[in-house]
Structure formats: structure tokens, C-alpha cells
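Notes for the structure review
This is what each chain is made of:
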Amino acid sequence: MEGGDGGVPVAGLGTLGSGAAAATVRELLQDECYSAFLNEDFDVKTYTSQSIHQAVIAEQLAKLAQGISQLDKELHLQVVARHEDLLAQATGIESLEGVLQMMQTRIGALQGAVDRMKAKIVEPYNKIVARTAQLARLQVACDLLRRIIRILYLSKRLQGQLQGGSREITKAAQSLNELDYLSQGIDLSGIEIIENDLLFIARARLEVENQAKRLLEQGVETQNPTQVGTALQVFHNLGTLKDTITSTVDGYCATLEENISSALDIKVLTQPLQSAVRGGPGRSTMPTPGTTAAFRASLWTNMEKLMDHICAICGQVQHLQKVLTKKRDPVSHICFIEEIVKDGQPEILYTFWNSVTQALSSHFHMATNSSVFLKQAFEGEYPKLLRLYNDLWKRLQQYSQNIQGNFSAGGTPDLCVDLQHTEDDTHDVFIPRQLDYDELNVAAVDANLTLAVSKNVAKTIQLYGVKSEQLLCTQGDASQVIGPLTEGQKRNVAVVNSLYKLHQSVTKVVSSQSSFPPAAEQTVLSALKAVHALMGSAVQPLLTSVADAIEAIIITMHQEDFSGTLSSSGKADVSCSLYMKELQGFVARVMNDYFKHFECSDFVFENTEAIAQRAIELFVRNASLIRFLGEGGKMRLAADFAQMELAVGPFCRRVSDLGKSYRMLRSFRPLLFQTSEHVASSPTLGDIIPFSIVIQFLFTRAPPELKSPFQRAEWSHARFSQWLDDHPSEKDRLLLIRGALEAYVQSVRSREGKEFAPVYPIMVQLLQKAMSALQ
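What you see is a predicted model, and the numbers here were worked out from it, not measured in a lab.

Counting its secondary structure elements, the protein contains 30 helices and 0 strands. Put simply, the protein has 775 residues, and 40% of those count as buried. A separation threshold of at least 6 residues defines the contact pool for the protein, and within that pool the share at least 24 residues apart is 76%. Accessible area for the protein stands at about 43,900 Å²; split by element, carbon and sulfur atoms hold 55% of it.

Laid out in C-alpha cells, this is it:
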């Protein structure tokens, strides 16, 4: 009991003591005297020196002693409050020390075992490393010895092969190739036993390469496949086949470029001329006026030699490619051409020809740009150059079908000059002189050149047309048909005549070409079509005025009186009407005053025939619209039909050339005197004479109550004629007539008539027949 009672106060005392201690600690921490000790960078010497300088040492010592005492008390209270935890931690530390001691013992044992194992492994490993290095050196020495033995053997064999000459050259190349393989990846310098052999091998390789090159050149020049094949086999064995072929072809290209440059060198061309004519210092290299012919002769001689040289070298390259294609390595059975083109490179002949064409183009451009005389020579005699090229191409056809290039160095300037010449002709179009059409004749040596020149000719024709169109008069006086020719009409006539001459001349040149390419012919003809269209546009205002005047004259037919009867003598006055006389006079005057000035009679008749056909159609149309046609009027109208043929005669060579219009004129005239039944059964209906014209004509024989369509609509003859022009469809015209007939039926019924006009059933029958024919 006492112990328990005594424990309670102790605990309470400890609690109270802890609280008091905590308060004491806070007081210490808040005190400035102790705050310096809490800093991390607290320095004793610094603190001591500061205290000495402040001269309060006794006071500081007292505070420090007091603080130490308070801390001791606090530590005591903390130990008393947590003595069980402290005891437990002390016991755990002892156990940990034991465990650590045991681990240290075991680690020591493990380290000893590792040391024993290391001693057993290191010594064998060092022995293995040493023996491996020794073995590697032995292997290198053995490989070197084998190489030396093989080199000695091959060197001895190579000496014998070189003594065999060209017969053993391929074997010698094979031995050299093997010797090169033995020397790869290893340094053989400093080995006395093979020093002399290595020098001999180097000399032998150079000798074999030179001998093979001479053999290749000789075989290619003589077209000997055996020699070429032997040389190629040597280079294949040496491993330099591709490089050798490339250098050989490049050498051919370089030689050709030198020949091209020499053939076009103006200094070389003028040397013989300059030796004959002494010149002072600084005299330019150009032919004198009297030596131009000799200069051109020398130029074309050089060009012929150049083409021969190109053909010869192409033959050599083709022969080389042919042998490459057929030759195979006897060991690997690989075709030599496969090694050349295995990287996707084209055939050597194709590559060579591309280089040739590029060299020709570049040198021709440079030569013609640097020398006016060369340019003039090639432009003036370009067909000769083109003929040389075509002859070269024909000779090269035997070699390959895929090597022809676009050699247009001379063609381009010539075509430019050709266009300039033709444009000059166009600028001077109205100057009286002979136009130059030699370009097409000269270009006939080549189809491509002909096509190019034809395009230039077409452009020139178009330019000709544009300038001619600018000269045309489009004002009102260009279409007048009342007085004589105006100045504008005279100018239009001159333009049309010049266009006609151009059209005829070019057509004659094109037709005279024996081997004119269809594309070139089509190009020129298309331009000529535009010229023909422009001629039509130039005369169209005049043609329109003539057609309008003729229509106006024909319309005056309705001012005539055709209701008269025969005279008492039984004979009618068969003279033609006044309007017909006026029409004949007008047509004769138009042809004499206007169209006779045109030199293109075919073109004039082509257009006036259309006017004649239109005039006949208008005449028949208006003749069918005449009402109250008496017997005397029929006779006079029949005479007008006959005179109509004479009226339109000047518009055509033969009236029968007018075709359907002429047949309609001849077929309609007999209908004037036939009965309505005969008219309805006429075989000319439909095919020659439209049903609408015949039905309109039958209105003439009807009573006034049966009004014609234009009378029902209260139109004039001119307006009705215009409506018919605006509605060319036969169905529209028949529907208008049916409306007039239906209106007549309604009028009869409205006045309670008992019968229709005798001609009405015939008209209805014809209308039904016409409508069924349309369906």
C-alpha cells in the first residue's frame, strides 16, 4: 500500500517536473544569452572574444552556470521519465553488437575462401593468355609463311607465263590477281626472301596491263572479237574490267570532242585562206569576201570527215559492247556485260552516244555563237548538215535502234531564221514581189525538220491573217450596194485577193511535196482554213447586203397584180414582171460592180451560190403566198419563174449546180396550171417541195373566208417571211397552217355554213399526210 501510494506522487511529481522543465527550456531558448548556442555556425572563440569585449564576464559566467544547472535537471527528469525505454535500448544495443561480431567473423571466413579460389584461378588464366598469344603469333607466322611460299610459287610460274607472250597473258593475269589477293590485308615489306619477287610482280602487272590495252585497241580497230575477248578476259582476271571499259569509252569521247572542236575551229578553217592573203598584225580570223566559198568548202570537208570519224568510233564501241555481251568468264560463267551494268548503269553504247550528241550540241552552239560566218554557213546550208546527220544515222542503224539523239544544234537557229524570213515576207505582204516558199522545199530532207518548219509556216500564215484582218474595213460603207465601190470595199477586195494568193501558193507548195508528213500537212492546212474563214468574214458584210436587197426586191412581187385574166385574143402578156426585171438588173450590176474585182472566182461562186439558193427559196415562198391568182397572172408568174433562172444565173456557173433549190424552182412552175387534186398527188411533194409551201399555195384557190396564216395573224408578207426564217422546222409551219384551217372551220360553223370550200378537204388531206410523214 505504501509503495503504491508512494508511486502516485512520484508520477505526478515527474509530470509536474517535466512541465516545469519544458517551461524552463523555453525560457532558456528565449533568452538572448543562450540563443547564440543554437546557431549551426556557433564558434567558441568568437563567443569568448565577444564576451570579453563586452566586459560582463562574471555575469555571463553566472548565466552559463545557471543554464548548465537547469539542463542537468532537465536531463535527470528526462532519464527518470523514460528509464524503461532507455534500458530496453541498451539491451538491444548489446544484442546488435553480438550479431555484428558474428557477421564480421563470417565475412572474414568468406574473404579467406575467395582468396584461396583466386590463387587457384589466376595462375591458370595467365598461362592460358600467354599460350593464346603464342598460338596467335604462330598462326600469323604460318599464314605469312604460306603466303610467302605461294608468292614464290606464283612468281616463278608468272615468269614462265610472261615468256609465253600473248598466248599465256590471261593465265598471267589470273596469277597476278591471285598475287594481289595474297598481298591484301598484310604488310610484306621487309621480308628479304620475297623483296625481289614483289618488284618483279609490280613490273609484270604493269607489263600485262599495257599489253592487254594494246591488244584491246588493236582488236577494236580491226573488229577482231578474239583479240578483244582476250583483252577483256585479262582485265576481268585483274579485277579492273569495269574501270578499263569506262576509261576506254571516256577516251573515245575525249577524242571525238577534240575532233569536233578542231572541225569547227574558225582559226583552223581560215588558216589556208590566211596563208594566201597576207594580213597585218592583229588581223581577225575571218574569211574575206572573195574566200567565202573556199571557207565553206573547207568547213563541209571537215564535217564529212567528222561524221566518218563518229561512225567509225561508234562501230568500235558497238563491237566492244557486242563482245562484252557474248563473252563469259570460263570459271564463274558470269557474262562480262553484267558486271558493267549491274549497278543500273545503261549500256556503254547508249552512254557513249549521249555523250556524242551532247558534245555536238554544245560545240555547235559555242561555234555558231562565237563566229557569225559559221552561223551563216550552217543556217544557209542547214539541209546539207542535216543530210550528213541523216546519212550518219542510216549508217548507225546497223548498230543499234536506241542511240539516236536530239541533234538540233543547227536546227534551232535555222528554224529561228526561217520564222524570221517568213515574218519578213508577212511584213512586206503588199509589196509586189515573189514571196519565198523555199523553206518547205528545203526542209523536205527530214520529217522532223519539215514538221518544225510547217509549224513556223502556220505561225506566219496566222500572222498574215492578223495583219490582213487589221486592214479590213468594217464600217457601213463596206456593205453598201447602192453606188460604186467605196475605198473601204476596194481595200477589202485587195485583202481578200492577197489572202487568196497566199492560200493558193501555200496549197500548191504543200501538194507538190512528194513525201510530206501528214502531221506537217495537217498543221499547214489548219492555218489555211483560218485564212479561208477570214476571207469569208471579209466579204460577209457585202454578201449580207446583197441578200437583203434581193429579198426586198422579191417582196415587191406582192405589189404586182396577178389577178388578171387572159386577153380577148386568148393570149396573155408573157413578159416578166417589173420586180423580176429589177432583180435581174440588180444581180447583173452587183456581179459587175463588186464581185468581178475578186480574183478568187471559186470562192466568190461558193458564197454567191448560197445567195442564189436563198433567192430561189424566197421567190417560191412569196409566189405561194399570192392571193387571187388569175389565168393571166399564172402566165406572168410562170414567165417570172423562167426569168428567175436567168436572174440568179450570174451567181453560179450553172443554175443546175444550185441543187435542191433549182429542182424546187423547176418543179413548182407546173403546179400553177394543175388542178388542186393534181397538185395534191404530185410526186415532188415532200422531197423537193415542202408540204407547207404547197398548202400555202392552195390558199390562193380558196375563197376569201379561208384566210392564209399571215392574214389571220394580220402580218405583212415581210413579217411572215421573217417568221418562216425564224422557224425552219416544217412542223412549226404546219401547225401554223392547221391553226388557220381550224379558224376557217370555226367561222363556217359560226355562220352556220352548210359546206366548205372545195379546196379545203384537199388541204386537210395534205396536212394530215405531212404530219404523218413527220411522225
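Positionally, Ile-482 belongs in the loop between α18 (447–471) and α19 (487–512). For the pair Ile-482 and Phe-586, spaced 104 residues apart in sequence, the C-alpha separation works out to 9.6 Å. Non-local contacts of Ile-482, meaning those with residues more than four positions away in its chain, are made with Arg-589 and Tyr-594.

The next point concerns empty space enclosed by the protein. A complete count under the given rule lists 5 cavities of 30 Å³ or more for this structure. Taken as a whole, the second largest cavity spans an internal volume of roughly 80 Å³. Together, Ala-478, Leu-485, Gln-489, Asn-492, Val-493, Ala-538, Val-539, Leu-542 and Phe-598 line the second largest cavity. Elements with a minimum of two residues in the lining of the second largest cavity: α19 and α20 (518–555). Partitioning the lining of the second largest cavity into residue classes produces 7 nonpolar, 2 polar and no charged.

It is worth spelling out the pattern of salt bridges at this point. For the coordinates displayed, the defined rule picks out 12 salt bridges. In this structure, Asp-725 and Arg-614 form a salt bridge, with 2.7 Å as the shortest nitrogen-oxygen distance. Here Arg-614 lies in helix α22 (residues 601–624) and Asp-725 lies in helix α28 (residues 717–726), a separation of 111 residues in the sequence. On the basis of relative accessibility, which here comes to 25%, the residue Asp-725 falls in the partly exposed class. By relative accessible area, Arg-614 is classed as partly exposed at 26%. Here Asp-725 makes a salt bridge to Arg-621, at a shortest N to O gap of 3.0 Å. Remark: Arg-621 occurs in helix α22 and Asp-725 occurs in helix α28; sequence separation between them is 104 residues. Judged by relative accessible area, Arg-621 falls into the buried class, the value being 6%.

What follows covers unusual backbone geometry. With a phi angle near 60 degrees, Gln-223 is a residue other than glycine that sits in the positive phi range. Mapped onto the elements, Gln-223 comes out in the loop between α7 (192–222) and α8 (225–238). The partly exposed category is assigned to Gln-223, whose relative accessible area is 38%.

It is worth spelling out the nonpolar core at this point. For soluble globular proteins, the rule of thumb is that nonpolar side chains tend to be buried together. Judged by nonpolar contacts, the single largest core of 180 residues is most densely connected at Met-303 and Met-644. Beyond its immediate chain neighbours, meaning those up to four positions away, Met-303 contacts Leu-264, Phe-364, Phe-378, Leu-385 and Leu-388. Core analysis: the next-biggest nonpolar cluster, separate from the first, contains 7 residues, Phe-710, Trp-715, Leu-724 and Leu-736 among them.

This part takes up the side chain of His-319. Its location among the elements puts His-319 in helix α11 (residues 292–326). With a relative accessible area of 7%, His-319 lands in the buried category. When near neighbours in sequence (up to four residues on either side) are disregarded, His-319 contacts Gly-219, Val-220, Gln-223, Asn-224, Pro-225 and Val-228.

Two numbers describe how α11 lies on helix α13 (residues 348–370): the axes approach to 9 Å, and their chain directions differ by 160 degrees. When the interaxial angle is binned, α11 and α13 end up roughly antiparallel. The handedness of the crossing between α11 and α13 comes out as right-handed. Along the contact surface, α11 presents Met-303, Leu-306, Ile-310, Ile-313, Cys-314, Val-317, Gln-318, Leu-320, Gln-321 and Leu-324, while α13 presents Ile-348, Leu-349, Phe-352, Trp-353, Val-356, Leu-360 and Phe-364. The residue inventory of the contact of α11 with α13, partitioned by class, reads 15 nonpolar, 2 polar and no charged.

So, about the packing of aromatic side chains. With the rule as written, the count across this model stands at 13 aromatic pairs. Their ring planes at 40 degrees and their centres at 6.2 Å tell us that Trp-715 and Trp-723 sit as a pair that is tilted. Within the aromatic cluster, the residues linked to one another by ring pairs are Phe-619, Phe-641, Phe-668 and Phe-697. Looking at Arg-627, its charged tip hangs above the ring of Phe-628, at a distance of 5.9 Å from the centre. The ring of Phe-562 is capped by Arg-636, whose NZ or CZ atom sits 4.6 Å from the centre of that ring.

Glancing now at the packing of helix α26 (residues 691–698) against helix α29 (residues 730–750). The packing of two helices is summarised by the inter-axis angle and the distance between the axes. With their axes 9 Å apart at the nearest point, α26 and α29 run at an angle of 20 degrees to one another. Here α26 lies roughly parallel to α29, going by the angle between them. Of the two elements, α26 crosses α29, and the hand of that crossing is left-handed. Residues Phe-691, Ser-692, Ile-695 and Gln-696 of α26 form the contact with α29, whose participating residues are Glu-730, Arg-733, Leu-734 and Ile-737.

This paragraph deals with α28. Among all positions in α28, only Phe-720, Ser-721, Trp-723 and Leu-724 are buried. The buried residues of α28 occupy one face: seen down the axis, they fall within an arc of 155 degrees. Opposite the buried face of α28, at more than 90 degrees from it, the exposed residues are Arg-719 and Asp-726. Each element contacted by the buried residues of α28 is listed here: α20, α22, α26, α27 (709–712) and α29.

This part is about the environment of Ile-554. Structurally, Ile-554 is set in helix α20. Residue Ile-554 is classed as buried on the basis of its relative accessible area, which comes to 0%. In sequence terms Ile-554 and Ala-615 are 61 residues apart; their C-alpha atoms lie 8.1 Å from each other. With residues near it in sequence (within four places) discarded, Ile-554 still touches Leu-583, Ala-615, Leu-618, Phe-619, Asn-622 and Met-644.

Looking at the element boundaries, Ser-708 is found in the loop between α26 and α27. Other than its neighbours up to four places away in sequence, Ser-708 contacts Arg-627, Phe-699 and Ala-740.

Taken together, the side chains of Leu-96, Val-99, Leu-100, Met-102, Met-103 and Ile-107 define a hydrophobic patch exposed on the protein surface, amounting to about 550 Å² of accessible area. As for its placement among the helices and strands, Ile-107 is situated in helix α5 (residues 83–163). With a relative accessible area of 52%, Ile-107 lands in the exposed category.

This part takes up the confidence of the model for the protein. Confidence along the protein averages 80 in pLDDT terms, with 84% of residues attaining 70 or more. Predicted confidence for residues 1–17 stays below pLDDT 50, and this span has 1 contact to residues more than four positions away or in other chains. Low pLDDT, under 50, characterises residues 275–284; the stretch is placed with 3 contacts to residues that sit more than four places away or in other chains.

Parameters at a glance
- Residues numbered from 1 in each chain as written.
- Predicted model: local features only at pLDDT ≥ 70, side-chain atom pairs only at ≥ 80, totals over all residues.
- Heavy atoms only, no water.
- Helix = DSSP H or I, 4+ residues; strand = E, 2+ residues; numbered from the N terminus.
- Buried < 20%, exposed > 50% of the residue type's maximum accessible area, 1.4 Å probe, protein only.
- Contact = heavy atoms within 4.5 Å.
- Areas by Shrake-Rupley, 256 points an atom, 1.4 Å probe, with all protein chains shown as cover.
- 1 Å grid on protein atoms, 1.4 Å probe; cavity = no way out; pocket = protein on both sides within 12 Å on 5 of 7 lines; lining within 4 Å.
- Points joined across faces, edges and corners; volume = space filled by probe spheres on them.
- Nonpolar A, V, L, I, M, F, W, Y, C, P; charged D, E, K, R; others polar.
- Salt bridge = Lys/Arg side-chain N within 4 Å of Asp/Glu carboxyl O.
- Core = buried A, V, L, I, M, F, W, Y, C linked by side-chain atoms within 4.5 Å.
- Axes fitted to C-alpha atoms, helices over the stretch in contact; angles between N-to-C directions.
- Parallel < 35°, antiparallel > 145°, perpendicular 65-115°, else oblique.
- Left-handed = near helix turned anticlockwise from the far one by under 90°.
- Phe/Tyr/Trp six-rings, centres within 6.5 Å; stacked < 30°, edge-to-face > 60°.
- Lys NZ or Arg CZ within 6 Å of the ring centre and 35° of its normal.
- Arc of directions from axis to C-beta.
- Patch = residues over 30% accessible without salt bridge, like charges linked within 9 Å, V, L, I, M, F, W, Y side chains within 5 Å.
- pLDDT = per-residue confidence, 0-100.

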